[in-house]
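Overview (structure and organization)
So the chains spell out like this:
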Amino acid sequence: MSKNILITGGAGFIGSHLVRHFVNKYPSYRIINLDKLTYAGNLESLKDIESAANYSFVKGDICDAKLIQEVLENNQVDGIIHLAAESHVDRSILNPMEFVTTNVIGTVTLLNAARNYWQERKDVRFYHVSTDEVYGSLKDGEYFLETTPYDPQSPYSASKASSDHFVRAYGNTYDMPYILSNCSNNYGPFQFPEKLLPLFISNILNNKPLPVYGKGENIRDWLWVKDHCEAIDLIYHKGANGETYNIGGRNEWKNIDLIHLLCDEMDKKLGREAGSSRGLITYVTDRPGHDMRYAIDPSKLERDLGWTPSLTFEEGLGHTIDWYLANQEWIDSVKSGSYQNYYTQQYGSRLEA
Ligand code: NAD
Ligand code: TDX
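Source: prediction; values computed, not measured.

1. A look at the environment of G188
- By the secondary structure assignment, G188 is in the loop between β7 (185-187) and α6 (196-205).
- Relative accessible area serves as the criterion here: at 1%, G188 is assigned to the buried category.
- Distance in space between the C-alpha atoms of G188 and W323 is 8.3 Å, their sequence separation being 135 residues.
- Those residues in contact with G188, other than ones at most four positions away along the chain, are F13, W224, V225, T320 and Y324.

2. Observations regarding the sheet that holds strand β11 (residues 252-254)
- Taken together, three strands build an open sheet; the order of strands is β7-β9-β11 and the sheet is mixed. In this open sheet, the two edge strands, each paired with only one partner strand, are β7 and β11. Averaged over all pairs of adjacent strands, the angle between strand axes in this sheet comes to 45°, irrespective of strand direction.
- By the bridge criterion, three bridges tie strand β9 (residues 219-224) to β11 in an arrangement that is antiparallel.

3. Some remarks on the site of ligand 2
- Around ligand 2 sit 20 residues, and of these E133, Y156, P211, R287 and H290 come closest.
- The backbone of S87 places a nitrogen or oxygen atom 2.8 Å from an oxygen atom of ligand 2.
- Contact distances for ligand 2 include 2.9 Å between an oxygen atom and a backbone N or O atom of Y213.
- Protein contacts shield 94% of the accessible area of ligand 2, which totals 650 Å² for the unbound molecule.
- Of all elements in the fold, only α6 and β8 (210-213) reach the threshold of two or more residues within the shell around ligand 2.
- Class assignment of the residues belonging to the shell around ligand 2 gives a composition of eight nonpolar, seven polar and five charged.

4. A short note on the packing of aromatic side chains
- Applying the stated criterion to the full structure yields 17 aromatic pairs.
- Ring geometry for Y135 against F144: centres 5.0 Å apart, planes inclined by 35°, an arrangement best described as tilted.
- A residue is classified by how much of its surface remains accessible, and F144, at 0% relative accessible area, is buried.
- Classification of Y135 by relative accessible area gives buried; the value is 3%.
- Each residue in the set F22, Y26, Y29 and Y236 is aromatic and connected to the rest through ring pairs, giving one cluster.
- The ring of Y143 is capped by R293, whose NZ or CZ atom sits 5.2 Å from the centre of that ring.
- The ring of Y245 is capped by K300, whose NZ or CZ atom sits 4.8 Å from the centre of that ring.

5. Section: the environment of K300
- As for its position among the elements, K300 is in helix α9 (residues 299-305).
- Residue class for K300 comes out buried when judged on its relative accessible area of 14%.
- Sequence separation between K300 and T244 is 56 residues, and the spatial gap between their C-alpha atoms is 9.3 Å.
- Not counting the four nearest positions on each side in its chain, K300 is found in contact with E146, E243, T244, Y245 and L305.
- Looking at K300, its side chain comes within polar contact range of the main-chain oxygen of T244, at 2.7 Å.

6. A word on unusual backbone geometry
- In this structure, F190 takes a positive phi of about 65° despite not being glycine.
- Topologically, F190 is positioned in the loop between β7 and α6.

7. Some remarks on the site of ligand 1
- Close to ligand 1 lie 28 residues; I14, D35, S87, Y156 and K160 are nearest.
- A distance of 2.9 Å separates an oxygen atom of ligand 1 from a polar backbone atom of G12.
- Protein contacts shield 96% of the accessible area of ligand 1, which totals 840 Å² for the unbound molecule.
- Contributing elements (two or more residues each) for the shell around ligand 1: α1 (13-25), β5 (125-131), α5 (155-174) and β7.

8. Here's the deal with the side chain of S16
- In this structure, S16 sits in helix α1.
- Of the polar contacts made by the side chain of S16, one reaches the backbone oxygen of G12; its length is 2.9 Å.
- In contact with S16, not counting residues within four places along its chain, are G10, S45, L46 and F190.

9. Some thoughts on a nonpolar patch on the surface
- On the surface, a nonpolar cluster with roughly 280 Å² of combined accessible area is contributed by M97, V100 and I105.
- In this fold, V100 is placed in helix α4 (residues 96-118).

10. Here we look at the pattern of salt bridges
- As enumerated under the stated definition, the model contains 16 salt bridges in all.
- One salt bridge connects K122 with D175, and the closest N-O pair in it is separated by 3.9 Å. Of the two residues, K122 is situated in the loop between α4 and β5 and D175 in the loop between α5 and β6 (178-183); the sequence distance between them amounts to 53 residues.
- The partly exposed category is assigned to D175, whose relative accessible area is 49%.
- The shortest N-O distance in the salt bridge between D304 and R303 comes to 3.3 Å.
- On the basis of relative accessible area, D304 is assigned to the partly exposed category, the value being 42%.

11. Section: the sheet that holds strand β10 (residues 244-247)
- Reading across from one edge, β3-β2-β1-β4-β5-β6-β10 is the order of the seven strands in this open sheet, with parallel pairing throughout. The strands lining the two open edges of the sheet, one partner per strand, are β3 (55-59) and β10. Across this sheet, the average inter-strand angle for adjacent strands is 20°, counted without regard to direction.
- With four bridges connecting them, strand β4 (residues 79-82) and β5 associate as parallel partners. Within β5, the position partnered with I81 by the bridge is Y127.
- Packing against the sheet, α4 makes contact with β1 (4-8), β4 and β5, and its axis sits at approximately 175° to β4.
- Sheet strands touched by α5: β5, β6 and β10. Its angle to β5, the strand with the most contacts, is close to 160°.

The rules behind these values
- Residues numbered from 1 in each chain as written.
- Chains lettered and ligands numbered in written order.
- Predicted model: local features only at pLDDT ≥ 70, side-chain atom pairs only at ≥ 80, totals over all residues.
- Heavy atoms only, no water.
- Helix = DSSP H or I, 4+ residues; strand = E, 2+ residues; numbered from the N terminus.
- Buried < 20%, exposed > 50% of the residue type's maximum accessible area, 1.4 Å probe, protein only.
- Contact = heavy atoms within 4.5 Å.
- Pairing = 2+ DSSP bridges.
- Axes fitted to C-alpha atoms, helices over the stretch in contact; angles between N-to-C directions.
- Near = heavy atom within 4 Å.
- Polar contact = N/O pair within 3.5 Å; in protein donor to acceptor, adjacent residues only side chain to side chain.
- Areas by Shrake-Rupley, 256 points an atom, 1.4 Å probe, with all protein chains shown as cover.
- Nonpolar A, V, L, I, M, F, W, Y, C, P; charged D, E, K, R; others polar.
- Phe/Tyr/Trp six-rings, centres within 6.5 Å; stacked < 30°, edge-to-face > 60°.
- Lys NZ or Arg CZ within 6 Å of the ring centre and 35° of its normal.
- Patch = residues over 30% accessible without salt bridge, like charges linked within 9 Å, V, L, I, M, F, W, Y side chains within 5 Å.
- Salt bridge = Lys/Arg side-chain N within 4 Å of Asp/Glu carboxyl O.

Spelled out as structure tokens, the structure:
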């Protein structure tokens, strides 16, 4: 199995946890992290492992074919775990082309480079880390299976669906060894504070409104980010070529119920009067095309590879809140770039709706 692994998007939320996981668990591997360091990529998230002997960082764009080719050759890469992407649904509504460029063209550029470098080799692996959003929205009682037809509804999920299709197309057409996983909503430390949980934690701390889209009745299936990384590790090492695995912790929450739980936990941890954070909840105009419900059936991953989540949602949420409370300078640091302007400029009107 591969020992020189290129992880793309390793300075992002999930990528930073995955890089740390591989660097610490596999000292004999060489882990190369390639990341463009967009607003969502932060080397601050990797401080603890930046000098590890088996780790190196390359600042670069997955759309840069020449650079990717050099990185593959110089490091004799024999495995790629591809996470680099534009990942925020609201941004994809405002600027779909950025998502096509990185998520579709970037993925195909990476596939091309891997094909050129690996040629006919079969002792290699291209792993695409994808999302359950490619399957669209569920009715009550339904679950996403690996066989669920694709039905993406947002520019983000359409771009991820397209990249999934290209990975399978390269595998089928050129016989390149590949594998995919589609995971539900992740939560935990180092998530950029535009996603629901870190945004709301940060707003509660600063007594700012909590913008709940629509009626707050949409349902998401939440997974502790380190459990996602354990699953990726298992799938990378033990999954069968050409297979897809759905990853999720059987943990559905209606947005408003989750927000109430978060508010109550934050009140306790901050020593505030019970109910005070709930007072910040502000219903705002719904996200256009907002998918109603996601829910993963992870039976294949559980049955074939023996994966199970390591902690309950209440435990994970507690760890997450504690981490953001102890690392407020991380939030300030990642928000200090182009993000702040972009956010206020683009989202101001929705927040005021
Ligand atoms: P993120 O936005 O936190 O990180 C993305 C990373 O990719 C950043 O470090 C960014 O700098 C980098 N990047 C962006 N464009 C690039 C480019 N052109 N070239 C090189 N690097 C680039 O995203 P995340 O939440 O960590 O998600 C990682 C992957 O997992 C994505 O592919 C996403 O679709 C998928 N995923 C995310 C979730 C979730 O809940 N966050 C769930 C399922 C799947
Ligand atoms: O301010 C908000 N108010 C609100 O009500 C935000 C940011 C979100 N929401 C709602 C929208 C969703 O129903 O909360 C839910 C979660 O929203 P996000 O954190 O934006 O996540 P989501 O759109 O579900 O997508 C996430 O999970 C799947 C990731 O961003 C994707 O990258 C991943 O593929």
